[in-house]
Amino acid sequence: QAAEIYRKFVVKNLAAFEPDLASSLLTKSLRLSNMGERKKALTAVEQGVEMNRRVTAKNPGAFEPSLAVSLRGMSGCLSDMGEREDAVTSYEETLKMMRRLAEGNRAVFASQLALLLRNYALHFDEGDQWSEVLERTEESVIGSRYCLVHIFTLGQILISIFCPSHTIKEIYACRREYIYAMYK
């Protein structure tokens, strides 16, 4: 419903409301996907990506993070539809953007990059991305040592890496040792 309201505003003032409409379309897409309406979800997120590309072209500093989020959402929709190659392409574009954003502002974007790399390695990668995932997570933890979000991210990544071959007790012991070493 919010997307339809923003559509009316966009007609009156495109520049002011197009970013909000793009965000609403991503939310709509997530809701449709949760309801099993995958084709409608993909249509909504594609519209949002198109709008985010337009506003990002005009003001990359303000809107590139939103475009990255929309592309990640589109990747999920494409994957749900069984279009793996297109999903990987969209996700890799997201990673490229997030790497650039993390280089410019590590404190804000490094942990998001680490999570994106983790998800990429879990869902799409057929090679070995784990070393890059750990490296980015270490950067995010070192960059802001006392941020719980970063410690949680590290915990998630360590569990993802070690869970297949280690017990939960070993995973948590490893995470405790790592966190202790970071804060010495």
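These remarks concern the structure in this document. Computed from a predicted structure; not experimentally measured.

## Focus on the packing of helix α3 (residues 38-58) against helix α4 (residues 60-80)
Point 1. Packing of α3 against α4 brings their axes to within 8 Å, and their N-to-C directions diverge by 160°. It follows that α3 is roughly antiparallel to α4 by the angle criterion. Crossing angle aside, the handedness with which α3 passes α4 is left-handed.

## Digging into the nonpolar core
Point 1. The biggest cluster of nonpolar side chains holds 30 residues, and the ones touching the most others in it are Leu-42, Val-45, Leu-71, Met-74, Leu-95, Met-98 and Leu-113.
Point 2. When residues of this core are traced back to their parent elements, those giving at least two are α2 (14-34), α3, α4, α5 (84-104) and α6 (106-123).
Point 3. Considering every element that reaches this core, the biggest residue donor is α5, with eight residues.
Point 4. Excluding its chain neighbours within four sequence positions, the residues that come into contact with Leu-71 are Val-49, Arg-53, Ser-90, Glu-93, Thr-94 and Met-97.

## Focus: the pattern of salt bridges
Point 1. Enumeration over the complete set of coordinates arrives at four salt bridges.
Point 2. Ionic pairing is found between Glu-93 and Arg-53, a salt bridge with its closest N-O pair at 2.7 Å. Placement of Glu-93 in helix α5 and of Arg-53 in helix α3 is noted, with a sequence separation of 40 residues between them.
Point 3. Of the residues examined, Arg-53 reaches a relative accessible area of 36% and is grouped as partly exposed.
Point 4. Among the salt bridges present, the one from Arg-100 reaches Glu-64, with a minimum N-O distance of 2.3 Å. Of the two residues, Arg-100 sits in helix α5 while Glu-64 sits in helix α4, which places them 36 residues apart along the sequence.
Point 5. Given the relative accessible area of 41%, Arg-100 is considered partly exposed.

## Looking at the environment of Leu-101
Point 1. Structurally, Leu-101 is set in helix α5.
Point 2. Residue classification places Leu-101 among the buried residues on the basis of a relative accessible area of 13%.
Point 3. Through-space distance from the C-alpha of Leu-101 to that of Pro-65 is 7.7 Å; in sequence the pair is 36 residues apart.
Point 4. Among residues more than four places away in sequence, those in contact with Leu-101 are Glu-64, Pro-65 and Phe-109.

Thresholds, definitions, all that
Residues numbered from 1 in each chain as written. Predicted model: local features only at pLDDT ≥ 70, side-chain atom pairs only at ≥ 80, totals over all residues. Heavy atoms only, no water. Axes fitted to C-alpha atoms, helices over the stretch in contact; angles between N-to-C directions. Helix = DSSP H or I, 4+ residues; strand = E, 2+ residues; numbered from the N terminus. Parallel < 35°, antiparallel > 145°, perpendicular 65-115°, else oblique. Left-handed = near helix turned anticlockwise from the far one by under 90°. Core = buried A, V, L, I, M, F, W, Y, C linked by side-chain atoms within 4.5 Å. Buried < 20%, exposed > 50% of the residue type's maximum accessible area, 1.4 Å probe, protein only. Contact = heavy atoms within 4.5 Å. Salt bridge = Lys/Arg side-chain N within 4 Å of Asp/Glu carboxyl O.

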